[in-house]
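Breakdown of the fold
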Amino acid sequence: ARLKKAHSIEDLRAAARRTLPRMVFDYADGGAQSESTMRQNRAAFERHRLLSRAPVDVSGRSMATTLFGKPLAMPLIIGPTGYASAFWPRGDLALAGGAAKAGIPFVVSNGANSPLPDIARAAEGKAWLQVYIAHDKQVTLDLIRDAKALGFDTLEVTVDTALPGRRVRDIRNGFTVPYSWTAGKVLDVLRHPDWMLRALPHGAPRPGLMPMEQGRSWATVSEFVRSQINPAIGWDDLKWLRDRWDGTLIVKGLLDPAQVKPAVEAGYDGIVISNHGGRQLDGAVSTLDLLPEFAAAAQGRIALLLDSGVRTGTDIVKAVALGASAVQVGRATLYGLSVAGQAGVDHALGIFRTELDMAMALVGLRSLEEASPDIIRIRQD
Ligand code: FNR
């Protein structure tokens, strides 16, 4: 019933806000510090306007595309989001299943809660894996070896998390891994009985792919991330990873167009231009504003993906027009997941599909290859 009333990702966000305890909703919805980057991500998509090339015969249009030699039903990927079981029991499996059904990749987070073989099965072999380079590199090597054995062919290594961003909402709410309880948090949960009845029988989510030492419990999410990720990572380490992964390799979290050259030289296949949805460096530039500079630096030598703020089908057209091969989403599908599990993920992806088809028809695009910077105007104000 909740899904029937949700006609946009914004509607799904409102429904997620009603169903989730405040501390869980804020974990997904919030950004770092003043959240100015998070707001700018949306502002950039608003500032970029589309023009219509009508009249064009768009009766035979298609949003299908190819990426790294594989077909994608649309240029959308469900990006990696850790701790997804907080939103729905076995949330990683629901995200994976939704992506498989929609014919798009799902990126398993290094902070996923479910066992990798289960996620791989739910994704029907189409999942990618995101990793952070751990303090102990053997931990990372073991994980990618498991992934390889399960048939994973694409790896994303995230580099924008030298330290976890300062997420003020999580600090204020006392959001911990696993949950810890105060009177306020118990009340928060009691006010959201749907979530309580769904989530409590499954216990608190545990990091499934990261080693969690005894005695590390009750850490804030930020302390936990800090314990897992090595802040000393540079291009030497990314080259080290390249030498140990013979599949497709993508670096996630670049914001500086000057990093395109080293990425190409290190033999990387793709880049996700990302400010982590405004959850890391507050004050960071929005990704859509950077895309033309990345496209100019890449000259087609490396695939460009983009995330941070994608909420509509027109956002996808704008990113593709400016040079992205596809976009990733984090929160959009998490809102759907929170409302109705995989049905909610399916619903969110259905909204994107409908909106993207509509945008292509009304802009006058038969295929996304026809999208170019010519269809973009930047509103000055
Ligand atoms: C994330 N993101 C993320 N990225 C990553 O590389 N590894 C991870 O484990 C996580 N975890 C995570 C959890 C949650 C709850 C969110 C919302 C995000 C970042 C994510 O992949 C992506 O970069 C942003 O979410 C993109 O911005 P939007 O689409 O949420 O605006």
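This one's a predicted model, so the numbers in the text were calculated from it and none came from an experiment. (Residues numbered from 1 in each chain as written. Predicted model: local features only at pLDDT ≥ 70, side-chain atom pairs only at ≥ 80, totals over all residues.)

1. A closer look at the confidence of the model for the protein chain
- When pLDDT is averaged along the protein chain, the result is 95, and 98% of the positions lie at 70 or above.
- Both scores are given for the predicted complex: the pTM is 0.98, the ipTM 1.00. (pLDDT = per-residue confidence, 0-100.)

2. A short note on the nonpolar core
- Membership of the largest hydrophobic core comes to 114 residues, with the highest contact counts inside it found for Ile119, Ala127, Ile271, Ile273, Ala324 and Val327.
- The dominant element in this core, judged by the number of residues it contributes, is helix H16 (residues 342-363), at nine residues.
- Apart from residues lying up to four places away in sequence, isoleucine 271 is in contact with Ile250, Val251, Leu254, Val260, Ala263, Ile302, Leu304 and Leu305. (Core = buried A, V, L, I, M, F, W, Y, C linked by C-beta atoms within 7 Å. Buried ≥ 20, exposed ≤ 12 C-beta atoms within 10 Å, placed from the backbone. Helix = DSSP H or I, 4+ residues; strand = E, 2+ residues; numbered from the N terminus. Contact = placed C-beta atoms within 7 Å.)

3. Some words on the pairing of strand E13 (residues 326-329)
- Burial of the side chains of E13 extends over both faces: Ala326 and Gln328 are buried on one face and Val327 and Val329 on the other.
- Of the strand pairs in this sheet, strand E4 (residues 76-78) and E13 are connected by three bridges, and their pairing is parallel. Each residue of the ladder has a partner; that of leucine 76, found in E13, is valine 327.
- Of the pairings in the sheet, the one linking strand E12 (residues 303-306) to E13 comprises two bridges and is parallel in character. Counterpart to leucine 305 in the pairing with E13 is alanine 326.
- For the crossover that starts at E12, traverses helix H14 (residues 313-321) and ends in the parallel E13, the hand is right-handed. (Pairing = 2+ DSSP bridges. Right-handed = clockwise from strand over helix to strand, strands pointing away.)

4. Remarks on the site of the ligand
- The environment of the ligand is made up of 25 residues, and the closest members are Gly82, Thr158, Gly277, Gly330 and Arg331.
- Secondary-structure elements contributing two or more residues to the shell around the ligand are helix H2 (22-29) and helix H15 (331-340).
- For the shell around the ligand, the per-class residue count stands at six nonpolar, 15 polar and four charged. (Near = placed C-beta within 6 Å. Nonpolar A, V, L, I, M, F, W, Y, C, P; charged D, E, K, R; others polar.)

5. What to know about the packing of H14 against H16
- Where H14 contacts H16, the two axes come as close as 7 Å, and the packing angle between them is 60 degrees. The angle between H14 and H16 falls in the class oblique. In this structure, H14 crosses over H16, and the sense of that crossing is right-handed. Of H16, the residues touching H14 (which contributes Gly313, Thr314, Ile316 and Val317) are Phe352, Glu355, Leu356, Met358, Ala359, Met360 and Val363.
- In the contact of H14 with H16, the residues fall into eight nonpolar, two polar and one charged. (Axes fitted to C-alpha atoms, helices over the stretch in contact; angles between N-to-C directions. Parallel < 35°, antiparallel > 145°, perpendicular 65-115°, else oblique. Left-handed = near helix turned anticlockwise from the far one by under 90°.)

6. Focus: the environment of leucine 337
- By the element assignment, leucine 337 lies in helix H15.
- For leucine 337, a count of 28 C-beta atoms within 10 Å translates into the label buried.
- The spatial distance from the C-alpha of leucine 337 to the C-alpha of serine 180 is 23 Å, given a sequence separation of 157 residues.
- Not counting the four nearest positions on each side in its chain, leucine 337 is found in contact with Ala84, Phe87, Trp88, Gly91, Ala94, Leu95, Gly344 and Val345.

7. Quick notes on helix H1 (residues 9-19)
- Within the span of H1, buried status applies to Ile9, Leu12, Arg13, Ala15, Ala16 and Thr19. End-on, the buried residues of H1 take up no more than an arc of 165 degrees, which puts them together on one face.
- As for H1, its buried residues are in contact with H2, helix H9 (193-199), H15 and H16. (Arc of directions from axis to C-beta.)

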